[in-house]
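Okay, here's what each chain looks like letter by letter:
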Amino acid sequence: MSNTRTHADGDERDGDEPPFAFTVEATAGDARAGRLRVRDTELPTPAMFPVVNFYGGGRPRSFFGGGIYRTVKELAVGVERVDGVAAPEYFDATMMSVASLTDYGISEDLFETYRDTELLERSEFESLESLLFLDSGGFKFLGDGQLEGNGFAVEMDQTAVYEIQRDLGGDVLVNLDHPIAPDDDHATRVEKARKTAENVETFLSLTADSDAALYLTLHGYNYSMMDEFLETVTDVVPASVLREGFDGIALGSLVPKKDDREALIQAVSDCREVLADWGMRDRPLHVLGIGSRAIPLLVGMGVDSFDSTTYVQNAINGKYQQSLVDTVPLDDADFDRCDCPVCSSDVLVSRMRGDAEYKKDVLGPVAVHNLIVQKRDVAALRETVASGETGQVIQYLEDTLGHHETMRKHAHAVVNRSLGGYF
């Protein structure tokens, strides 16, 4: 199964490869393994996009700042300050939100500096070959609709969001959406879908000549809500245009329910049914803002990619990753048992033990270690799916989640819904 797009303007050009391609190479139940390519960058799926704040209130001399994210970026590319340790292969896919640009209260001058060169074209990041997913920041803009810095503000609408996504050089772009909240009544949800539909129409017009991958945001917690969302959107943009214009689907609004595994399983399972009924089953499915222990569940249900800040959040909370789903307190970590580049550096191990002046230099290495462990485990899970053996995927869920009392029943639910059930 594959999905490709030639050129946004519809032209066929001799010798050109299509700018976007998604191919499913193996399935195991609903789980699927494949490859996602945007322009010259290719990524095996299922894939995790770690959220990185590339612009955290600083200038090039401070690696664009960002507290812990500064150290994360330094380790991604390898600079002298972090003992020359480099881990670019674990940043083969990254996500940044437009809404995070002013998180550190930057000036308007710095805001414009950030936009004057595509992010991965900067010399600081030239060693990264990353597929950059630029989120629209819709949830943050729901309030006053502004991007606020130090002494300036930018009115945010679909056009403004796209111009920033374009300036930063995103490979995967989503339309500006209006995420729903768990306590929204029916009328509010429909109104948010209508506003999102208007943005979808504008987004497709703005991106007519773009060779970035375009993902449609989809919202809802069950089949009926997602089906009505698409009914509302297609009142503005015909279904055929929707199918032709978008390369992938980004399922949103689930962050408030991230710890409600039953709700998450229902939403993702129903989403796949909705996409099948709307003729978009072959599109890559990304789930926004859900990671950590939910990752094996997502993969088992056929999700192709997901993004997460867990590697940083765990570090901030003093958690040292031992596997995709297990952590220990940083004080109890046995660095000698890990062969990752971070834990192989005596300098960085010393800092993780607290021998550093700044907190970011203690926790930044922990964050990158956590990311490496997560990425390695996602790669192992991907290989399990690529075997095409449903039994192996079921065994993976048993081995990783079956021993966790709080997760076991959810693993069993995914096995029964998406992997053919137990014998």
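Placed above this text is the structure.
K.L.:
Help me understand the pattern of salt bridges, please; the structure alone is not making it clear to me.
P.N.:
Tallied over the full model, the rule gives 22 salt bridges. Linking Asp30 and Arg272 is a salt bridge whose minimum nitrogen-to-oxygen distance equals 3.7 Å. You can see Asp30 sitting in the loop between β2 (20–28) and β3 (31–38) and its partner Arg272 sitting in helix α8 (residues 261–277), a full 242 residues away along the chain. Look at Asp30 and you get partly exposed, because its relative accessible area is 26%. The residue Asp259 makes a salt bridge to Lys258 at a minimum N-O spacing of 3.3 Å. For Asp259, a relative accessible area of 60% puts it in the exposed group. In this structure Lys258 comes out as partly exposed when scored by relative accessible area, which is 37%.

K.L.:
How do you make sense of empty space enclosed by the protein when you look at a structure like this?
P.N.:
Rolled over the atoms, a probe with the dimensions of a water molecule shows which regions are left empty. Enumeration over the complete set of coordinates arrives at one cavity of 30 Å³ or more. What the largest cavity holds in volume is close to 40 Å³. Taken together, Arg32, Arg272, Leu275, Met280, Arg281, Arg283, Leu285 and Gly302 form the lining of the largest cavity. Its residues assigned to classes, the lining of the largest cavity shows three nonpolar, one polar and four charged.

K.L.:
Help me understand the state of the cysteines in this model?
P.N.:
A covalent bond bridging the sulfur atoms of two cysteines is what the word disulfide describes. Enumeration according to the criterion identifies zero disulfides in this entry. Cys340 forms no disulfide, and the closest cysteine sulfur to it belongs to Cys338, at a distance of 3.6 Å. Cys343 carries a free sulfur, and the closest cysteine sulfur to it, the one in Cys340, is 3.7 Å from it.

K.L.:
Sorry, what's going on with the sheet that holds strand β12 (residues 248–252) here?
P.N.:
By definition, the strands of a sheet pair up through backbone hydrogen bonds, in either a parallel or an antiparallel sense. The strand order across the open sheet formed by eight strands is β5-β14-β13-β12-β11-β10-β7-β6, and the pairing between neighbours is parallel. Strands with a single pairing partner mark the edges of an open sheet, and in this sheet they are β5 (47–50) and β6 (93–97). Between one strand axis and the next, the sheet turns by 25 degrees as a mean value, whatever way the strands run. In this sheet, strand β14 (residues 305–308) lies alongside β5 in parallel orientation, the contact comprising four bridges. Within β14, the residue paired with Ala47 across the bridge is Ser305. Running over the sheet, helix α4 (residues 158–168) touches β7 (131–135) and β10 (172–174) and is turned about 160 degrees from β7.

Cut-off values and rules
Residues numbered from 1 in each chain as written. Predicted model: local features only at pLDDT ≥ 70, side-chain atom pairs only at ≥ 80, totals over all residues. Heavy atoms only, no water. Salt bridge = Lys/Arg side-chain N within 4 Å of Asp/Glu carboxyl O. Helix = DSSP H or I, 4+ residues; strand = E, 2+ residues; numbered from the N terminus. Buried < 20%, exposed > 50% of the residue type's maximum accessible area, 1.4 Å probe, protein only. 1 Å grid on protein atoms, 1.4 Å probe; cavity = no way out; pocket = protein on both sides within 12 Å on 5 of 7 lines; lining within 4 Å. Points joined across faces, edges and corners; volume = space filled by probe spheres on them. Nonpolar A, V, L, I, M, F, W, Y, C, P; charged D, E, K, R; others polar. Disulfide = S-S within 2.5 Å. Pairing = 2+ DSSP bridges. Axes fitted to C-alpha atoms, helices over the stretch in contact; angles between N-to-C directions. Contact = heavy atoms within 4.5 Å.

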